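Descriptive structure summary
Here's the letter readout for the chains.
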Amino acid sequence: MIRGRDIVKRFGPTTAVDGVTFDVMKGETYGLLGPNGAGKTTLMRLLSALSPLSSGGLVVAGLDVTRQGRAVRERLGVVTQQDGLDTDLTVRQNLETHGYFSGLSRRESRRRAAEVLAFFGLSDRAHDDIDHLSGGMKRRLAIARAFMMAPDVIILDEPTTGLDPQGRNLVWDKLAALKASGVTILMSTHYMEEAAALCDRIAIMHQGRILDEGTPDELIERHASVEVAQLRMVTDVKAEVQAALVAAGYAWREVGTMIHVAARDGQRPQVPPLEGVRVTYRPGNLEDVFLAVAGKGLGEE
Ligand SMILES: Nc1ncnc2c1ncn2[C@@H]1O[C@H](COP(=O)(O)OP(=O)(O)OP(=O)(O)O)[C@@H](O)[C@H]1O
Ligand SMILES: [Mg+2]
């Protein structure tokens, strides 16, 4: 459904996307993870035919984004990092106007808006001003709007940033239902739990490049250990503990007041008994992967 080859995007001296090659299959949910400034939004704008490539090839739903940008835009639902809702219009008018300007008849826009509002749990807010919605409701409405045209591919730039856990879960439920209906999804996120829950495959981006790509399980197997020891210092022994970990050859990182320890062979780290330290174990996760791959992670390099 998406086929990108050596995609480059430059802004003057900045290379925001630096030779990205990737494929997304029909029905797949593909996630972009990467620190601030990695190039996720820029790549999504290229895909949405909102900004031209500097070089490379990009085909979406069989259409070339450079030569057939307009047709590409008609096949996509796009949710940008900022909601981009029209504050002069009500909730329902935002959807209807979008449908109408995208080529639906007025009657069809009305019908579809009612459907989409119901699906996203916003029917009772249909006549509200945008400014009267909470942040979470605005986010839901922005996602709802992307579904007005029953798109083949939906592009979601940080769909749940700023939402409370309840709001996030609601969006996850809706995205899972849409995914089950066969829509192809490309999304970016800073929430590892979200990526693990929704994405079939994930690309880790850094400085405009994809550093690695795979299913969540593949990435965890490749870059994280099966289990990570979490050390909580009961007394002030951090320096001694770190010295002991270095001596034992473990990779570790500080997480607030805790230290997370991974074995370099990927197995369960056998942390030696340390005075004043409470140790618990948890499975390796995508956060370990992300920090290891994006470079600021485990270990005293
Ligand atoms: N219109 C622009 N003009 C100049 N530079 C830009 C423009 N848009 C993005 N950039 C630069 O491109 C790089 C990638 O930015 P981008 O917004 O794609 O990152 P991102 O991965 O989406 O980050 P975030 O997680 O913060 O949203 C940054 O260095 C940014 O400053
Ligand atoms: Mg961004």
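Just so it is clear, the structure is predicted and the values come from calculations on it, not from any experiment.

Our next topic: the overall build of the chain. The helix and strand inventory of the chain stands at 10 helices and 14 strands. Buried residues in the chain amount to 40% of all 301 residues. Pairs at least 24 apart in sequence give 69% of the contacts found in the chain among residues at least 6 apart.

So, on to the site of ligand 1. Close to ligand 1 lie Phe11, Thr14, Ala16, Gly34, Asn36, Gly37, Ala38, Gly39, Lys40, Thr41, Thr42 and Gln81, which account for all nearby residues. Elements supplying a minimum of two residues to the shell around ligand 1: strand E2 (14–24) and helix H1 (40–47). The dominant element in the shell around ligand 1, judged by the number of residues it contributes, is H1, at three residues. Residues of the shell around ligand 1, tallied by class, amount to three nonpolar, eight polar and one charged.

This paragraph deals with the confidence of the model for the chain. Overall, the prediction assigns the chain a mean pLDDT of 91, with 98% of residues at 70 or greater. Below pLDDT 50 for its whole length, residues 297–301 participates in 13 contacts with residues either more than four positions away or in separate chains.

Here we take up the sheet that holds strand E7 (residues 153–157). Strand order in the open sheet formed by six strands is E6-E7-E8-E3-E9-E10, and the pairing between neighbours is mixed. Pairing within the sheet leaves two strands with one partner each, and these edge strands are strand E6 (76–79) and strand E10 (209–214). Neighbour-to-neighbour, the strand axes of the sheet open up by a mean angle of 15°, direction not taken into account. Here E6 runs beside E7; their pairing, made up of four bridges, is parallel. Bridge assignment links valine 78 to a residue of E7, and that residue is isoleucine 155.

Now for the pairing of strand E8 (residues 184–188). The two faces of the sheet receive side chains in turn, since in a regular strand these alternate between them. Burial analysis of E8 places five of its five residues in the buried class, the great majority of the element. Residues of E8 alternate between two faces, with Thr184, Leu186 and Ser188 on one and Ile185 and Met187 on the opposite face, all of them buried. Pairing analysis gives four bridges linking strand E3 (residues 29–33) to E8, with the strands arranged parallel. If you follow tyrosine 30 over to E8, its bridge partner there is leucine 186. Tracing the backbone out of E7, into helix H6 (residues 165–180) and back to the parallel element E8 gives a crossover that is right-handed.

With antiparallel pairing, four strands are arranged side by side in an open sheet as E12-E13-E11-E14. At either end of the open sheet lies a strand with only one pairing partner, and these are strand E12 (251–255) and strand E14 (277–283). Neighbouring strand axes in the sheet, compared pairwise and without regard to direction, differ in orientation by 25° on average. Direction of pairing for E12 relative to strand E13 (residues 258–262): antiparallel, over a ladder of five bridges. Considered in E13, the bridge of alanine 251 is made with alanine 262.

Buried within helix H8 (residues 216–223) are the following residues: Pro216, Leu219, Ile220 and His223. Mapping the buried residues of H8 onto a view down its axis gives an arc of 100°, with all of them on the same face. In this structure, the buried residues of H8 make contact with helix H7 (192–198), strand E9 (201–206), E10 and helix H10 (286–293).

Let us look at the packing of H8 against H10. Packed helix pairs are specified by the crossing angle of their axes together with the interaxial distance, meaning the distance between the axes. For the pair H8 and H10, interaxial distance at closest approach is 9 Å and the crossing angle is 60°. Between H8 and H10, the angle falls in the class oblique. Where H8 crosses over H10, the two elements pack in a sense that is left-handed. Only Leu286, Val289, Ala292 and Val293 of H10 make contact with H8, whose side of the interface consists of Pro216, Leu219, Ile220 and His223.

Conventions used here
- Residues numbered from 1 in each chain as written.
- Chains lettered and ligands numbered in written order.
- Predicted model: local features only at pLDDT ≥ 70, side-chain atom pairs only at ≥ 80, totals over all residues.
- Helix = DSSP H or I, 4+ residues; strand = E, 2+ residues; numbered from the N terminus.
- Buried ≥ 20, exposed ≤ 12 C-beta atoms within 10 Å, placed from the backbone.
- Contact = placed C-beta atoms within 7 Å.
- Near = placed C-beta within 6 Å.
- Nonpolar A, V, L, I, M, F, W, Y, C, P; charged D, E, K, R; others polar.
- pLDDT = per-residue confidence, 0-100.
- Pairing = 2+ DSSP bridges.
- Axes fitted to C-alpha atoms, helices over the stretch in contact; angles between N-to-C directions.
- Right-handed = clockwise from strand over helix to strand, strands pointing away.
- Arc of directions from axis to C-beta.
- Parallel < 35°, antiparallel > 145°, perpendicular 65-115°, else oblique.
- Left-handed = near helix turned anticlockwise from the far one by under 90°.

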